[in-house]
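Remarks on the overall topology
The residues making up each chain are set out below.
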Amino acid sequence: MLNIYRNHFARFLKSRRLLAWHGGRHLRHVALGTLGAMRQPPGQAAQWLSWASADSPSQLLQRLGSHADGLTPRQAKQLLRTVGPNTVQEDAPLSWWLHLWTCFRNPFNLLLLALAVISYVAHDRTATLLIGSMVALSTLMRFLQEARSYREADKLKKMVSNTAAVLRRPVAPARAQPSQPLAEQQVPTPVELPVRDLVPGDIVRLSVGDMVPSDMRVLEAKDFFVSQAALTGESLPIEKFVEQRDAKVANFLDLDNIVFLGTQVVSGVATAVVVATGSRTCLGTTAQHVATVERAPTAFQAGVNQVSWLLIRFMLVMAPLVLLINGWTKGDWVEALMFTLSVAVGLTPEMLPMIVTSTLAKGAVQMSRKHVIVKRLEAIQNFGAMDVLCTDKTGTLTQDKICLARHTDVFGQESAEVLQYAYLNSYYQTGLKNLLDVAVLEHQHLHHELEVSTAYSKVDEIPFDFQRRRMSVVVAERGQRHLLICKGALEEVVAICDHLRHGEVVEPMTPEVLARTHEVTAALNELGMRVVAVAVKELPPAQQTYGVADETGMTLMGYVAFLDPPKESTAAALKALAARGITVKVLTGDNDRVTEKICRDVGLNVQGVLLGGAIDAMSDAELKQALRSNTVFAKLTPLHKERLVRTLRADGHVVGFMGDGINDAPALHAADIGISVDSAVDIAKEAADIILLKKSLAVLADGVLEGRRVFSNMLKYIRMTTSSNFGNVFSVLIASMWLPFLPMLPLQLLTQNLLYDLSQTAIPFDNVDAELVNKPVAWKAGGIGRFMLCFGPISSIFDVATFALMWFVFGATTPADQSLFQSGWFVVGLLTQTLIVHIIRTPQISLRKSRPALVLVAATGSIMALGIFLPMGPLAHQFRLQALPASYFAWLVLVLGGYVLAATGMKYFYARRFGWQ
């Protein structure tokens, strides 16, 4: 029966996943176990793979009815209506009738139906009607609540989307032919379009950091490497080409000129034509035929499952005892069976899936109002439990508004020539243009001064990658000499230079001269500037194709230095995170001096700095110790970041990682909670669990608080359910052993259970004390059991007191008086179970210090009033209840007052002895 909760919870998460990412973790698991093992293409993919790979680019464009400049908007619109959106349905949303059936089809409703059938056979039409109404009401409640959550999830899904750089021509050229070679046509500027709007025949530009948005044929490529780990599990990137080099390929994933949906561009640039979209892609076809692989449960899911098992075990042990005791002592085995089934329903937490679902969904909506979008609902708990946040410097500590502050020669003198070379490099590169390139290109006056359009033409480029940390372009100057212009990280550019230039002097790169250049760059770093080196190499015009091997023997020209001022809000956000128990560590590929300067400016206390080179030489134990004693980790590679995150997790921390670049993807995957921003590259957004609509630590701090509120409210229900059910077990057993009649009829027990459940549907909307969200809230399964053992017996004590009251004071000692006894316990049981939420919702003793939400007060108050009205009103005979004497209510006040005092005393003891969370 544990699967009841796991499957119900998973069904919500799968059927309405908040973000339908093509290359999401869920689909990757499907593909990794299935698509990567295939040798033949799945389903519809086999129909197009052969000709898509074998055709020449011009033939393929003609077959697709496309053009080298792309489709026209009219063509694309017509195709979109024909083939549908470019989306892969991980799990299609349930139709309303199937959703309603799923809400009805659970063991709890089956138990109720069994009772209704028995009541009908026994000619008890009233009980049959009431039990049937309870089934309808509980099913309808769950259906409406989940439907509302689904609608909210769909709204959030639309708030974040991926785009692709697509060529769309406004009108078809009058004389252009589809087969016209790409090189002979003027290529239009690509526009960013939603990935879901791609259609077969669209021409797409791909560069570093992109997720491949569909299955495509490569038309142009330059040092173009993709990671197919999502499909094959192979970690090494694969180079793709325009033509298929080997006619015989054992595995269709090894095709040289086809890139597949869900893979990632790790290096180079390419132009490709869309061949298949959505469910017609290899990944989409596989996802339709392969059973979904479940994710490993989070700590919260595992905890909910443990609680469910605990209560179910109680039911499985106690229900037979209740049946035997009541059947033996009362002699009516049919009535004993009905009572036992009613007890079983009361002991099972049938509202737990709905409470969890609605609380998480409400939390996701609340977080979206704070500019935090939740991709996976179950990640909310980890968000609240996070105690270490690893973040990059750029855009989080700084304004992410980079400006070009200096352009100097190798010895620090201002140099216009260095800026000109940097401009040419940024202008002609077609890969991932970062903020540094944007800052350089803002100097548009250089475009006219250098006569870029007429004096220079691009020959080739060597794209950026994270191993070299540099990129180069080759330009022809007035059709004569070729200039290879390299721009990148200082150490990597200096490593390929054997000369340097200052003024008109060119001299060898001697150790003395190199030391002087280091002094210049260090001084710029101390001012908080990020330094990028520029180098040049003159080449004869004969060569037309260049590669990494040509980046040697270069001349260092100077540096361009950039300034990214710290955010004004960062210092306050860092203080807020520290006050909430979150330690911030800065993980960056940037220079350590620059990072230290920024950290000082924003008030982050830097305990120590560790460089990536030192990490390589450390064992895991040494790195664990280094993480405890250092705050800044600089000059890191993507693998360094991933290792740091994994080591923190191994040290017992719940780790969040915030990143937005392709180099952050491994660490985002490794973290307990991956955090990215809407402006991030596709790979980073795909790897993240949380998306921030504003790249700000202040937004993150607000989101953390909301995550903790969500968890605290779920914990209230779980604590209340376990403790109440635990107490009810003993109350029923004690009453069954000495009463000559049932302590409560099955109909009464079911009604009480339903009313109690209705009162708790307001818990997701309750207020949460500030002190409960000011520190990480991790799931502690052992704490639930301890809480249950402490608070459960208290309700049993006052149940037994009520039994004694009804027996000795009001004389309800015979079967003829059983309705009076049952009415008295019905009211006490319902009121004590309803009141307990107001006691255990907060560790505060005084309610003035922690006020419940009005909706919770209204829900519990109305249910308590209804519980008193049922035996006292005109419907009493329908429920086999009877009016209680006036003196009973005086005793009721004493019983409830004693219960509140005892439960409050236990709360005071428990909070001081064990802590509340």
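Residues numbered from 1 in each chain as written. Predicted model: local features only at pLDDT ≥ 70, side-chain atom pairs only at ≥ 80, totals over all residues. Heavy atoms only, no water.

**Here's the deal with the overall build of the protein chain**
Which entries qualify depends on this criterion: Put simply, DSSP marks the helices as runs of H or I at least four residues long and the strands as runs of E at least two long, and each gets a number from the N terminus on. For every residue, the accessible area (1.4 Å probe, protein chains only) is compared with the maximum for its type, and the residue is labelled buried under 20%, exposed over 50%, or partly exposed between those bounds. Any two residues having at least one pair of non-hydrogen atoms within 4.5 Å are treated as being in contact.
Counting secondary structure elements, the protein chain contains 33 helices and 23 strands. Counting the 917 residues in the protein chain, one finds 58% classified as buried. In the protein chain, once contacts between residues fewer than 6 apart in sequence are set aside, the share between residues at least 24 apart is 77%.

**What about the packing of aromatic side chains?**
The line we're drawing: Here is the rule: rings of Phe, Tyr and Trp (six-membered ring for Trp) pair when centre to centre is within 6.5 Å. Planes less than 30 degrees apart are stacked, more than 60 are edge-to-face, and the remainder are tilted. Lysine and arginine charges are scored as sitting over a ring when NZ or CZ, respectively, is within 6 Å of the ring centre and within 35 degrees of the ring normal.
Taken as a whole and judged by the stated rule, the model has 16 aromatic pairs. Aromatic side chains F810 and Y888 sit 6.2 Å apart centroid to centroid with 55° between the ring planes, which places their arrangement in the tilted category. Separated by 78 residues along the polypeptide, F810 in the loop between helix 30 (781-809) and helix 31 (818-840) and Y888 in helix 33 (residues 886-914) bring together distant segments of the chain. An aromatic cluster is present here, built from F787, F791, F909, Y910, F914 and W916 joined pairwise through their rings. When the ring centre of W916 is taken as reference, the NZ or CZ atom of R719 above it lies at 5.0 Å.

**Brief notes about the pairing of strand 17 (residues 554-563)**
Stated precisely, the cut-off is as follows: Note on pairing: DSSP must find at least two bridges between two strands before they are called paired.
Of all the 10 residues making up strand 17, nine are buried; the element is thus mostly covered by neighbouring parts of the structure. With six bridges connecting them, strand 10 (residues 403-409) and strand 17 associate as antiparallel partners. If you follow T408 over to strand 17, its bridge partner there is Y559. Sheet analysis places strand 14 (residues 497-502) next to strand 17, joined by three bridges and oriented parallel. Counterpart to C497 in the pairing with strand 17 is M554.

**Remarks on the packing of helix 31 against helix 33**
We apply this condition: Every axis corresponds to a line fitted to the C-alpha atoms, with the helix fit spanning only the stretch in contact, and the corresponding angles, defined between N-to-C directions, vary from 0 to 180 degrees. Handedness of each helix crossing follows the sense of rotation of the near helix against the far helix: counterclockwise by less than a right angle gives left-handed, clockwise gives right-handed. Residue classes follow a fixed rule: Ala, Val, Leu, Ile, Met, Phe, Trp, Tyr, Cys and Pro count as nonpolar, while Asp, Glu, Lys and Arg count as charged, and any other residue, Gly among them, counts as polar.
Between helix 31 and helix 33, the least distance of the axes is 10 Å, while the angle of their chain directions is 35°. Taken as a pair, helix 31 and helix 33 cross one another with a handedness that is right-handed. Note on element contacts: helix 33 touches helix 31 through Y888, L892, V895, L896, Y899, V900, A903, T904 and K907, opposite G824, V827, V828, L831, T832, L835, I836 and I839. Tallied by class, residues from the contact of helix 31 with helix 33 come to 13 nonpolar, three polar and one charged.

**Thoughts on the environment of W96**
If you trace the backbone, W96 turns up in helix 6 (residues 96-104). Residues W96 and F143, spaced 47 residues apart in sequence, show a C-alpha to C-alpha distance of 8.9 Å.

**Describing the nonpolar core**
One recurring pattern in soluble globular proteins: nonpolar side chains tend to sit buried together. Here is the rule we go by: We call a set of buried residues a nonpolar core when its members are Ala, Val, Leu, Ile, Met, Phe, Trp, Tyr or Cys and they connect through side-chain atoms within 4.5 Å of each other.
Core analysis: the largest hydrophobic core is formed by 76 residues, its most contacted members being M720 and Y888. The dominant element in this core, judged by the number of residues it contributes, is helix 31, at 13 residues. When near neighbours in sequence (up to four residues on either side) are disregarded, M720 contacts Y756, Q760, I763, Q833, I836, V837 and I840. In this structure, A379, L610, A701 and M714 belong to the second largest nonpolar core, which totals 62 residues.

**Thoughts on helix 15 (residues 416-428)**
Cut-off, in case you're wondering: In a helix, the anticipated span is given by 1.5 Å times the number of residues less one.
The end-to-end C-alpha separation of helix 15 is 19 Å, in line with the 18 Å expected for 13 residues at 1.5 Å each. Every buried residue of helix 15 is listed here: V418, L419, Y421, A422, Y423, L424, N425, S426 and Y428.

**Thoughts on the pattern of salt bridges**
Counted only if it meets this: Salt bridge, as applied in this entry: a Lys or Arg side-chain nitrogen positioned within 4 Å of an Asp or Glu carboxyl oxygen.
On inspection of all chains with the given rule, the structure shows 28 salt bridges. With a shortest N-O distance of 3.1 Å, R469 and E492 are connected by a salt bridge. In this pair, R469 is assigned in the loop between strand 11 (456-462) and strand 12 (470-477) and E492 in helix 19 (residues 490-494), connecting sequence segments 23 residues apart. For R469, a relative accessible area of 21% puts it in the partly exposed group. Here the salt bridges share partners, and the residues they tie into one network are R469, E491, E492 and K635.

**Considerations on the environment of A361**
Position of A361 among the secondary structure elements: in helix 13 (residues 352-369). Separated by 13 residues in the primary sequence, A361 and V374 have C-alpha atoms spaced 9.5 Å apart.

**Remarks on helix 28 (residues 697-738)**
Between its first and last C-alpha, helix 28 extends 63 Å over 42 residues, near the 62 Å set by a 1.5 Å rise per residue. For helix 28, a buried count of 35 out of 42 residues is recorded, marking the element as mostly surrounded by other parts of the structure.

**Here's the deal with a nonpolar patch on the surface**
In plain terms, the rule: Residues enter patches when their relative accessible area tops 30% and they take part in no salt bridge; the joining distance is 9 Å for like charges and 5 Å for the nonpolar side chains Val, Leu, Ile, Met, Phe, Trp and Tyr. Per-residue and other accessible areas were derived by the Shrake-Rupley procedure at a 1.4 Å probe size, with only the shown protein chains allowed to occlude residues.
Judged by side-chain polarity, W96, W97, L98, L100 and W101 come together as a nonpolar surface patch covering roughly 570 Å² of accessible area. Among the structural elements, L98 can be located in helix 6. The class of L98 is partly exposed, set by a relative accessible area of 30%.

**Describing the confidence of the model for the protein chain**
Detail in the predicted coordinates should be disregarded across regions flagged by low pLDDT. Filter applied, for reference: Residue-level confidence of the predictor is what pLDDT reports, using numbers from 0 through 100.
The share of residues in the protein chain with pLDDT of 70 or more is 83%, and the mean pLDDT across the chain is 81. Segment residues 1-39: pLDDT under 50, and 144 contacts once partners within four positions in sequence are set aside and those in other chains are kept. The low-confidence segment residues 172-185 (pLDDT under 50) makes 20 contacts with residues lying over four places distant or belonging to another chain.

**Some thoughts on the sheet that holds strand 9 (residues 388-391)**
An order of 8-23-22-21-9-18-20-19 is seen for the eight strands of this open sheet, with the pairing classed as mixed. Sheet topology places strand 8 (372-374) and strand 19 (609-611) at the edges, where each strand pairs with a single neighbour. When strand polarity is set aside, the average angle formed by the axes of neighbouring strands in this sheet is 20°. Relative to strand 23 (residues 690-692), strand 8 is paired through three bridges, and the arrangement is antiparallel. When the sheet's bridge partners are listed, V374 is paired in strand 23 with I690.

**Notes on the packing of helix 28 against helix 31**
Formally: Angle categories: roughly parallel below 35 degrees, roughly antiparallel above 145, roughly perpendicular from 65 to 115, and oblique for all the rest.
Taken N-terminus to C-terminus, the directions of helix 28 and helix 31 make an angle of 150°; their axes are 10 Å apart at the nearest point. When the axes of helix 28 and helix 31 are compared, the pair comes out roughly antiparallel. The crossing of helix 28 and helix 31 is right-handed. Of helix 31, the residues touching helix 28 (which contributes K716, R719, M720, S724, N728, S731 and V732) are W825, Q833, I836, V837 and I840. When its residues are assigned to classes, the contact of helix 28 with helix 31 shows six nonpolar, four polar and two charged.

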